[in-house]
Amino acid sequence: MQVSEQTNTPSGLGLAEDEAVRITSELIRIDTTNTGDADTVVGERAAAEYVAEQLSEVGYEVTYVESGAPGRANVIARLPGADPSRGALLVHGHLDVVPADASEWSVHPFSGAVQDGYVWGRGAVDMKDMLGMSIAVARHFKRNQIVPPRDIVFAFFADEEAGSWYGSQWLVEHRPELFEGVTEAISEVGGFSVTFKDGVRAYLVETAEKGIAWMTLRVRGRAGHGSMLHEDNAVSKLAAAVTRLGQHRFPIVLTDSVREFLAGVSEMTGWDFPEDDLEGSVAKLGAISRIVGATLRDTANPTMLQAGYKANVIPSVAEATVDCRILPGRQEAFERELDDILGPDVEREWRGLPPVETTFDGALVDAMTSSIAAEDPTARTLPYMLSGGTDGKALSRLGIRCFGFAPLRLPADLDFSALFHGVDERVPVDGLKFGVRVLDRFLRSS
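Residues numbered from 1 in each chain as written. Predicted model: local features only at pLDDT ≥ 70, side-chain atom pairs only at ≥ 80, totals over all residues. Heavy atoms only, no water.

1. Notes on the layout of surface pockets
The volume enclosed by the second largest pocket comes to roughly 200 Å³. V194, T195, A287, A412 and L414 are the residues nearest the centre of the second largest pocket, which is lined by 16 residues in total. Looking at the lining of the second largest pocket residue by residue, the class counts come to 11 nonpolar, four polar and one charged. (1 Å grid on protein atoms, 1.4 Å probe; cavity = no way out; pocket = protein on both sides within 12 Å on 5 of 7 lines; lining within 4 Å. Points joined across faces, edges and corners; volume = space filled by probe spheres on them. Nonpolar A, V, L, I, M, F, W, Y, C, P; charged D, E, K, R; others polar.)

Next up, the structure:
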């Protein structure tokens, strides 16, 4: 198979590097805040139209889909490859972002400011950086008539930050033909560098993510006047159950992805991760230990409480919301533990998304590793599990093998994990340009 050649000139890949910075900044300026309430979501249509324009401008045929509700917009485009008989590769990302309080930020969260070597704003790392890099590379390929080895599908989804119900989940259910022939996918929360010690650096590729279950707990009791004695108080019973759950620690369970990650770190650093002190030893990893530590066990964190409507009225119902993150293969055991913790008087309702897990091997992984090595020869790639979730949960329903690979070389002292949904979210300009070079190599060799 043949792949078109290119030159790294200002009109070639250098232009794409600059475009990645520009596009990331311009996307951040489009406020795509997803509150989880469909009536208050803003900007997804405007962002989708912007993406469609960037792709159409260089000759892509773009499919624009509003999924189930006005303004919940998605964009898909396909670049034909040299061998149409091969499974296609999906490069995807989401357009929406979580809310941001401007009063807490050093710059306005929707300014897209480019200063001090960074692009600043809500979505800079989650995940308008990957959108900027992938759009820039997509434009570069089309502009220079670069033919990849196989078809590449570029997809830009709505609603990832609230479960993907109006984005990838809806498209998988109603428009699966848009992903015809796709066998593998790359997206967010992977491919970024972590410096462990003395310049020892690895790029973490997400091969697994925990399952998500947003759980509503409900307790019923006898309503009455607040001045009287009440032994059947729904608020009190719920508070006790939530306290028990919040104080519970689920058992440590080492998945294959986590074992392989820790083994790789040991080889690189000489650090030990003894199973009888796993949490303590994981703390040596620095800022990334927050993510890794959360993948050692299931979690169930109470996040919201709701009960009552007047100070002197004991309500008949009290509810709590719990954010549950469940390791692959642990669903049944997790539910059994919940039964023991909560007891028979607490009702449960679920809305969840399954775990995703694949192996760290094969030609696609080899292409990731070689593409990183070409730009950072002393580093290596390692698999890891994400404690959160991505659009991969929907896409895996189509049998697509999903990875997190949005390559960024990061300063050793940057607490990258704290920037996800954090204040002063920002991405290094040099990191974006690095990512364009890596993605260019990767898509031409995968």
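Read on for the rest.
2. So, unusual backbone geometry
Note the cis peptide between D126 and M127, where omega equals -5°. Checked against the element boundaries, M127 lands in the loop between β5 (118–120) and α3 (128–143). Even without being glycine, V189 reaches a positive phi, approximately 60°. Tracing the backbone shows V189 in the loop between β7 (182–187) and β8 (192–197). Of note in the backbone geometry, H421 takes a positive phi value of approximately 65° without being a glycine. You can see H421 is positioned in the loop between β18 (401–404) and β19 (426–428). (Helix = DSSP H or I, 4+ residues; strand = E, 2+ residues; numbered from the N terminus.)

3. A word on the pairing of strand β10 (residues 211–220)
Judged by how many residues are buried, β10 sits mostly within the fold: seven of 10 residues are covered. Both β10 and strand β14 (residues 317–326) contribute to a ladder of 10 bridges, which runs antiparallel. Across the sheet, the residue bridging to I212 is R325, located in β14. Here β10 pairs with strand β15 (residues 347–353) via seven bridges, running antiparallel. Looking at β15, one finds that A213 is bridged to G352. (Buried < 20%, exposed > 50% of the residue type's maximum accessible area, 1.4 Å probe, protein only. Pairing = 2+ DSSP bridges.)

4. Focus on the side chain of T24
Inspection of the secondary structure assignment puts T24 in helix α1 (residues 13–29). Polar side-chain contacts of T24 include one of 3.5 Å to the backbone oxygen of K128. Ignoring any residue separated from it by four or fewer positions in sequence, one finds T24 in contact with V119, K128, D129, G132 and L432. (Polar contact = N/O pair within 3.5 Å; in protein donor to acceptor, adjacent residues only side chain to side chain. Contact = heavy atoms within 4.5 Å.)

5. Considering the confidence of the model for the chain
Averaged over every residue, the pLDDT of the chain is 94; residues scoring 70 or more account for 98%. Here residues 1–11 is a poorly scored stretch, pLDDT under 50, and it has 25 contacts once near neighbours within four places are set aside; other chains count. (pLDDT = per-residue confidence, 0-100.)

6. With respect to the nonpolar core
Most often, soluble globular proteins keep nonpolar side chains buried together rather than apart. F196, F261 and L285 are the most contacted members of the largest nonpolar core, which has 97 residues in total. The residues contacting F196, other than those within four sequence positions of it, are A202, F261, V265, M268, T269, W271, L285 and L382. Listed in part, the 21 residues of the second largest apolar core include L238, L245, V322 and V346. (Core = buried A, V, L, I, M, F, W, Y, C linked by side-chain atoms within 4.5 Å.)

7. Focus on the pattern of salt bridges
If you walk through the whole model with that rule in mind, you get 37 salt bridges. With a closest N to O distance of 3.5 Å, K393 and E209 form a salt bridge. Within this pair, whereas K393 is found in helix α11 (residues 392–395), its partner E209 is found in strand β9 (residues 200–209), the two being separated by 184 residues in sequence. Note on accessibility: K393 and E209 belong to one class, buried. Members of the salt-bridge network, linked through shared partners, are E19, R22, E26, E57, R139 and R143. (Salt bridge = Lys/Arg side-chain N within 4 Å of Asp/Glu carboxyl O.)

8. A short note on the sheet that holds β14
Judged by pairing direction, the sheet is antiparallel, and its four strands sit side by side in the order β12-β14-β10-β15 without closing on themselves. Each edge of the sheet is formed by a strand with only one pairing partner; in this case those strands are β12 (299–307) and β15. Across the sheet, the mean angle separating the axes of adjacent strands is 20° when strand polarity is ignored. Of the strands in this sheet, β10, β12, β14 and β15 are in contact with helix α9 (residues 331–342), which crosses β15 at around 155°. (Axes fitted to C-alpha atoms, helices over the stretch in contact; angles between N-to-C directions.)

9. With respect to the environment of Y50
Among the structural elements, Y50 can be located in helix α2 (residues 44–56). With relative accessibility at 12%, the residue Y50 sits in the buried group. With residues up to four places along the chain from it excluded, the contact list for Y50 reads R22, I23, E26, L27 and I30. For Y50, the side chain forms a polar contact with the side chain of E26, separated by 2.5 Å.

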